[in-house]
Amino acid sequence: MTTASRTETAIRPVTSTPGVPAPVHGRRGPSALRHGATLAWRGIVKTIHSPEALVDVTLQPVIFLLLFVYVFGGAIAGDTTSYLQFALPGVLVQTVIFASAGTGVGLSEDLHTGIFDRFRSLPISRGAPLFGAIGADLVRYLTSGVIMLVFGVILGFRFGTGPLAVVTALGLVMVFAFALCWVFTALAMVVNHPRSVQGLGFLIMMPLTFGSNVFVPAETMPAWLRGWVEINPVSKTADAIRGLLVGGPVAGPAVQALIWAAGIFAVFAPMAVTLYRRRT
Amino acid sequence: MNSVIDVEGLVKTFGSTTALAGVDLTARRGAVLGLLGPNGSGKTTTVRVLATLLRPDGGRAHVLGHDVVAEPAAVRSRIGLTGQYAAVDEALSGTDNLMLIARLLDLPRRTARRRSAELIEQFGLTEAASRRVRTYSGGMRRRLDLAASLIGRPEVLFLDEPTTGLDPRHRNEVWEQVRTLAGEGVTVLLTTQYLEEADQLADDLVVLDRGRVIAAGTPATLKTEIGGQRLHVRPLHRADLAAVTALVAELTPDAPIVDATGGLTAPAVEPGLLHRVGARLDEAGLTVAELGLRLPSLDDVFLTLTGHSAEDAEATTEEAAA
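As a convention, each chain's residues are numbered from 1 in the sequence order in which they are written. Ligands are numbered from 1 and chains lettered from A, in the order in which they are written. In view of the model being predicted, local features appear only for residues whose pLDDT reaches at least 70, and side-chain atom pairs are presented and counted only at 80 or more, with totals across whole chains, interfaces and linings using the full set of residues. Side-chain metrics in this entry use all non-hydrogen atoms of the structure; hydrogen atoms and water are not considered.

The condition is simple: UniProt positions are given in the numbering used here, feature names are shortened, and annotations may be inferred rather than shown by experiment.
Per an unreviewed UniProt entry, the recorded name for chain B is Daunorubicin resistance protein DrrA family ABC transporter ATP-binding protein, and the organism is Pseudonocardia asaccharolytica DSM 44247 = NBRC 16224. In the Subcellular location (unreviewed entry) part of its UniProt record, chain B is described as follows: "Cell membrane". Here is the UniProt Sequence similarities (unreviewed entry) comment for chain B, exactly as written: "Belongs to the ABC transporter superfamily. Drug exporter-1 (DrugE1) (TC 3.A.1.105) family."

Per an unreviewed UniProt entry, chain A goes by the name Transport permease protein and belongs to Pseudonocardia asaccharolytica DSM 44247 = NBRC 16224.

This is the structure we're talking about:
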């Protein structure tokens, strides 16, 4: 590639493509969906091209799982096999929480690099970049959840229920992650730097995931902590997932988990959208 | 209607900071309008308002006859924007970045592919087209960014400091592209803090300082009106500098200014000065490497207009921000 050849190509007119139609506008409803889908495609291609982002959200829970199963498992549950049966459903919830925090970091990066400015200078619906990003992340949540399940099976996790229950479990964690991603989206709109979103996101995730019954049954905890652990949405979701993957009560914890998810969504989704409109 | 961009009394404040304090400007069809000023003078804010990214607090702005506040969609479909930082997705390939924008502009898939390929070729990115942008050099990113803003064949192109941080070779490439576009009839609004860049590219100039227009006109007009001609002499031997300075001082009203390269400049007011200086140098037996009349640089213009240099203004803005 020489400078001479570039100069030669540079004098070709930009507008030479015959038949490039002028952009079509005004079809608000369907075009918003179409643009959202295009932007979701971008998010998915991005995940495929940078698998390290997926590894990031999966690796941490994997390390926690290995640590807890092999280091503390024997002490907590008597032996590592029965501890894995106890812990894996909760770690699945933890995985999608980490993945949903990634939504906030990704949006913050897009705001930070100026790529949102480019989207906003295009004749597309204002919400398309936000909804496209979240749409793509739903796929990412599912992928990271499946990876975690496969990893659990490799370690020796055995399903105590049928395939339908497993699919329902994945559906439930995705509902929970979808509700929670609005918290991180709102955070991304008020915090200026992707690193700060990650740091503050961690402060939100820690009490949610460790102040829960994901790793240790609530009964062993002091009363003040148990008060939080027993109402923590992560505990409720983890309980429902245990029922769906291992066996045991499902309806009770599932309903409470869904109420939590609906509550989080009802508070944070409008807040995030308002902040998004203000920011963009 | 000849003016493509029409701005009247534009005001924008951020909290207690006034970014734009009543800016007026117009851009002619097919011309390159240079928006010149130091950091914090309001260049980027002006571009963001015109590209419908920011609502002004006062004044009016029309792009291609459409009000940027009332009809943002109509404006967006006909403009291209290349911001200060290359707004391309690092995780996608060059082609995918262009395809993304093309699809968002509702080009049918096949047309989108053809248009992307065409721009990739035009911007000399063919070999890197399928590589992730993460592996691109700064110059390649800027070129891709510029290509992305051209997908929809915009009639007006906003370039916010398009060459900041580029080395001279890549800067020249961007300049070449801007000239090509202007030649095709695209109206370009270009912000820069490089006086040389404005001089090279702009047909018309608007000089901004602290949110106000302090001068407007063609680069040549600005130079002649404000600065006037200058005499420039550089002796061949540095040892002769003092003698040459003394000689020139006798013939010019203001004392000559000695610059870092061992030359000196003085305002050339009377006609025939060049001849007389040449004759006197000959008489004195002083040899010079350079002797001539020059238009002042845009740096000189800025100094004359604001009473401070571009760098000073920048420092003041940063202090104010700190």
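## Comments concerning the UniProt feature "domain: ABC transmembrane type-2" (unreviewed entry) in chain A
What counts, and what does not: The secondary structure listing takes helices from DSSP runs of H or I that are at least 4 residues long and strands from runs of E that are at least 2 residues long, numbered from the N terminus.
UniProt tags residues 52–279 of chain A as "domain: ABC transmembrane type-2" (unreviewed entry). The span residues 52–279 of chain A is 83% helix and 0% strand, and its two end C-alpha atoms sit 29 Å from each other.

## Some points on the domain arrangement of chain B
Put simply, the rule reads: For each domain, the first and last residues come from an automatic or database assignment.
Segmenting chain B into domains produces domain 1 (3–224) and domain 2 (229–294). Once you take the C-alpha centre of each, domain 1 of chain B and domain 2 of chain B turn out to be 42 Å apart.

## A word on the side chain of Thr163 of chain B
Residue and element names in this part refer to chain B. Applicable threshold: Any pair of nitrogen or oxygen atoms within 3.5 Å is treated as a polar contact; in protein, a donor-acceptor pairing is required on top of that, and neighbouring residues in sequence qualify only through side-chain atoms on both sides. Throughout, a residue-residue contact means that at least one pair of heavy atoms, one from each residue, lies within 4.5 Å.
On the secondary structure map, Thr163 appears in the loop between β7 (156–160) and α6 (168–183). Reaching out from Thr163, the side chain makes a polar contact with the side chain of Glu197 at a distance of 2.3 Å. With residues near it in sequence (within four places) discarded, Thr163 still touches Arg142, Arg171, Val174, Trp175, Tyr194 and Glu197.

## Describing a positive patch on the surface
Note the following rule: Exposure above 30% relative accessible area and the absence of a salt bridge qualify a residue for a patch, where like charges join within 9 Å and nonpolar side chains (Val, Leu, Ile, Met, Phe, Trp, Tyr) within 5 Å. Working definition of accessibility: Shrake-Rupley area with a 1.4 Å probe, residue cover restricted to the visible protein chains. Here, a salt bridge means any side-chain nitrogen of Lys or Arg that lies within 4 Å of a carboxyl oxygen of Asp or Glu. When charges are counted, Lys and Arg contribute as positive and Asp and Glu as negative, whereas His and the chain ends are disregarded. Each charge is placed at NZ for Lys, CZ for Arg, CG for Asp and CD for Glu.
Together, Arg109, Arg110, Arg113 and Arg114 of chain B make up a positively charged patch on the protein surface. As for its position among the elements, Arg109 of chain B is in helix α4 (residues 109–122).

## Looking at the environment of His49 of chain A
Considering the arrangement of structural elements, one finds His49 of chain A in helix α2 (residues 28–49). Among the polar contacts listed, one links the side chain of His49 of chain A to the backbone oxygen of Ala91 of chain B, at a separation of 3.1 Å.

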